[in-house]
There are 2 protein chains.
Amino acid sequence: MLSDRQRMILNVIIDDYIRSAEPIGSRSISKRSDVGYSPATIRNEMADLEELGFLEQPHTSAGRIPSIKGYRYYVDHLVKLGEVNEQDLLFVRSFFTEKMNQMEQIIQHAAMILSNMTNYTSIVLGPETFTTSLKHFQLVPLGEDTAVAIIVTNTGHVENRTISIPQEMSMDEMQQAVNILNAKLIGVPLVRLKAKLYSEVGQELGRYADQFERLLGILDQTLASDNDHRVFMSGTTNMLTQPEFKDVDKVKTLLDLLEETPTIMQMFSALPSGIQVRIGTENTHEAINNCSLITATYSVEGKSLGTIGILGPTRMDYGKVISLLDILSKDMAVLLGRWYK
Amino acid sequence: MLSDRQRMILNVIIDDYIRSAEPIGSRSISKRSDVGYSPATIRNEMADLEELGFLEQPHTSAGRIPSIKGYRYYVDHLVKLGEVNEQDLLFVRSFFTEKMNQMEQIIQHAAMILSNMTNYTSIVLGPETFTTSLKHFQLVPLGEDTAVAIIVTNTGHVENRTISIPQEMSMDEMQQAVNILNAKLIGVPLVRLKAKLYSEVGQELGRYADQFERLLGILDQTLASDNDHRVFMSGTTNMLTQPEFKDVDKVKTLLDLLEETPTIMQMFSALPSGIQVRIGTENTHEAINNCSLITATYSVEGKSLGTIGILGPTRMDYGKVISLLDILSKDMAVLLGRWYK
DNA sequence: CGTTAGCACTCGATAGCGTTGAGTGCTAAT
DNA sequence: ATTAGCACTCAACGCTATCGAGTGCTAACG
């Protein structure tokens, strides 16, 4: 479809544009030592590339910038994965080798590393609920009529909620019910928990009637409240340093989007495994139509655990980001693998 | 120091400027129905006020804007506390009357209400650690060599951390040690916990030697890790809608500041009780030298629990914000009072 | 025939310049 | 003491000219 020379030129244009954020002219390309053609020749090729839809002109007599299609081709065929330099690699690894024994800590750090090394915004989703199961359920009395309900999952995630205990229920009764729940429910995946509660444990606890009903409510509340605990972000303000976000209005819509956890979850859910690149309008949300989102899933034994991603301008250093995500997703998988063995 | 008329004029200028964000001229003041003077008279007074340092002129032939000193005078002597209208009051209260039984939930909501109602950025600090004490300490085994350490405080706050258990220590031994710790340490304020650990419990657990040392480390880790859990923010992007933040650079320095939890903590710590207003350069941090920070502490039985605050441009609706903070801090005190009775 | 030099052309960006109008300070009249 | 009147200032706005980076086309070249 494209000649070697066209590919070369497209490649150079995109590389340069990623660095400079300004339209690239034929002269500047011609001057590069690795390009042996005159500006005129380059111009001809550029005109062709534009006709094919790989390049765009902001206006006549400006240089060319890559189009979405151009970026797409670049990502699919041209990009050289930046061989992450030794130093960076060590940096990444060192972050993970310290005593990092809590899952959320690992995830948080991953987000930080990503945003620090790329200067874009990083988004990390923790493991999906359906792979986690209940490890322990407990009530800790606080005062006369309050207690803390604590749920521990096999991933080491702890969810807690302070609840008020109905007057007519004694602490002892409560504790007894909790014991039964523990006996029956440990090991059950969180998503199936509710169903299991009603079906199996229901009969067993039948005689506890009222109390049981309340406890269910508590468990339910606790489970419902942790939906947003699993999105981590870092470097949200990095966006502001990019020249494409000089306009405050764009910044606002973008930052507002990032604050809406449900939207983020939705964007990240149902992503195919492996590395995905969504360029500009390929993204469903309008607010990021001039952004690119690169995501990588991390998984253990074939099971997808979660997703890490980088959000930056369409003019993004794809090579670097992709290779970084690749490394990091694998490292995370190894590290998190512990919890799932 | 100031004549009645000067005060009136200063008041009008600041009120108008807060609304319009644009320099106020003599004509526009004169035209107001409640001002019976001609522009010329107003001009004379304005010139005097400027000489006294209450007003500033961005440039000759522009209107006047309040100076820091002007705002200060306004806040100290002129501001009419916006009598929060019935509807808003109900709105605030309704937010709190629902089943809101977890401390962090209350605080989070308070931050949300504040930012929603003011369109500025709200910052809320949860109760200081020294008023909270240990309620419960527990280990939940996860796998062969890992466990979750859970600390519950009397405020209903739960702190947790996944830890790895040294090979040479059996779960039973561990559990035994935990039991002793619980027996000895419940009720001890968190800040004194560490000292108490070494002094009192040390001897008791002497024979557990090694294990004890490890457990200490665990408790220590857990306590050290929750320093930033207590700052809540809402409406950070509201800043962007203010005309004084058209400039992306200012926005960035500001948002960066807000992301540094330690700095925020530092800013809020050691604030005198009651309502405080820090205008412009009265703030220590340069990044908010064109902002005003209004804070209110909330306390139960004379003990200060925490702080709620609003960060906005110096051109801020002081009357509204102050009265809102007043109401909210009192409501929060009542609500949180439960935990401390 | 592919490549390149030359040249006219386009158009955003920048600078210079007059105009406008909001606002001031001063003076003299009320 | 207040106000009307007036000259003055200055940012904002719009207009025009200039500049230059970059293009597209044509013709010449190897």
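Our structure is the block above this text.
Residues numbered from 1 in each chain as written. Chains lettered and ligands numbered in written order. Predicted model: local features only at pLDDT ≥ 70, side-chain atom pairs only at ≥ 80, totals over all residues. Heavy atoms only, no water.

**Topic: the protein's contact with DNA strand D**
- Near DNA strand D you find 20 residues, and of these Ser26(A), Arg43(A), Arg5(B), Thr41(B) and Ser61(B) are the closest.
- What you see for DNA strand D is that sugar and phosphate hold 69% of its atoms within 4 Å of the protein.
- Between DNA strand D and Arg43(A) there is a distance of 3.0 Å, counted from a base nitrogen to a side-chain nitrogen or oxygen.
- Of all the secondary-structure elements, those providing two or more residues to the surface near DNA strand D are helix 3 (39-51) of chain A together with helix 3 (39-51) of chain B. (Near = heavy atom within 4 Å. Polar contact = N/O pair within 3.5 Å; in protein donor to acceptor, adjacent residues only side chain to side chain. Helix = DSSP H or I, 4+ residues; strand = E, 2+ residues; numbered from the N terminus.)

**Let's talk about the sheet that holds strand 5 (residues 146-153) of chain B**
All names here are of chain B.
- Spatial strand order, 4-5-6: three strands in an open sheet with antiparallel pairing. Strands at the two margins of the open sheet, each flanked by one partner only, are strand 4 (134-141) and strand 6 (158-164). With strand direction ignored, the average angle separating the axes of adjacent strands in the sheet is 15°.
- Relative to strand 5, strand 4 runs antiparallel, the two being bridged by seven bridges. (Pairing = 2+ DSSP bridges. Axes fitted to C-alpha atoms, helices over the stretch in contact; angles between N-to-C directions.)

**Considering unusual backbone geometry**
Residue and element names in this part refer to chain A.
- For glutamate 301, which is not glycine, the phi dihedral falls at a positive 50°.
- Within the fold, glutamate 301 resides in the loop between strand 9 (291-300) and strand 10 (303-313).
- Judged by its relative accessible area of 73%, glutamate 301 falls in the exposed class. (Buried < 20%, exposed > 50% of the residue type's maximum accessible area, 1.4 Å probe, protein only.)

**A few points about the protein's contact with DNA strand C**
- Lining the immediate surroundings of DNA strand C are 20 residues, of which Arg5(A), Thr41(A), Ser61(A), Ser26(B) and Arg43(B) lie closest.
- Close to the protein, within 4 Å, the atoms of DNA strand C belong to sugar or phosphate groups at a rate of 73%.
- Here a phosphate oxygen of DNA strand C and a side-chain polar atom of Thr41(A) are 2.6 Å apart.
- Within the side chain of Arg43(B), a nitrogen or oxygen atom sits 3.0 Å from a base nitrogen of DNA strand C.
- Breaking the surface near DNA strand C down by element, the ones donating at least two residues are helix 3 of chain A together with helix 3 of chain B.
- At four residues, helix 3 of chain A tops the list of elements feeding residues into the surface near DNA strand C.
- For the surface near DNA strand C, the per-class residue count stands at four nonpolar, 12 polar and four charged. (Nonpolar A, V, L, I, M, F, W, Y, C, P; charged D, E, K, R; others polar.)

**Let's talk about the interface of chain A and chain B**
- Opposite the 38 residues of chain A that make contact, chain B presents 39 residues.
- Contact between chain A and chain B buries roughly 3,100 Å² in total, counting both sides, with carbon and sulfur atoms accounting for 56%.
- If you sort the residues of chain A by the area they bury against chain B, Leu142(A), Thr162(A) and Val248(A) come out on top, with a joint share of 17%.
- Between the two partners, chain A and chain B, sit zero salt bridges.
- Scanning the region where chain A abuts chain B turns up seven residue pairs in polar contact (both at pLDDT 80 or more).
- Here the side of chain A that touches chain B is built from residues that sort into 14 nonpolar, 17 polar and seven charged. (Contact = heavy atoms within 4.5 Å. Buried area = accessible area lost by both parts, 1.4 Å probe. Salt bridge = Lys/Arg side-chain N within 4 Å of Asp/Glu carboxyl O.)

**As for the relation of the copies chain A and chain B**
- With an axial shift of 0.0 Å and an RMSD of 0.1 Å, the rotation relating chain A to chain B amounts to 179°. Such a turn and shift between the copies fits a two-fold axis. Minimal C-alpha separation from the rotation axis in chain A is found for Val248(A), amounting to 3.2 Å.
- With an isologous cut-off of 70% or more, the 100% of interface residues of chain A that recur at the interface of chain B puts this contact in the isologous class. (Least-squares fit on C-alpha atoms with pLDDT ≥ 70 in both.)

**So, the packing of aromatic side chains**
- The tally for this structure, following the rule as stated, stands at six aromatic pairs over all chains.
- Pairing Phe54(A) with Tyr73(A) gives two aromatic rings, centres 5.3 Å apart and planes at 75°, and the pair type is edge-to-face. In this pair, Phe54(A) sits in the loop between helix 3 and strand 1 (55-56) while Tyr73(A) sits in helix 4 (residues 68-78), placing the two residues 19 residues apart along the sequence.
- Overall, Phe54(A) belongs to the buried group, its relative accessible area being 2%.
- Cluster of aromatic residues (ring-pair linked, three or more members): Tyr71(A), Tyr74(A) and Tyr318(A).
- A cation over a ring is seen here: Lys69(B) above Phe54(B), with NZ or CZ 4.8 Å from the ring centre. (Phe/Tyr/Trp six-rings, centres within 6.5 Å; stacked < 30°, edge-to-face > 60°. Lys NZ or Arg CZ within 6 Å of the ring centre and 35° of its normal.)

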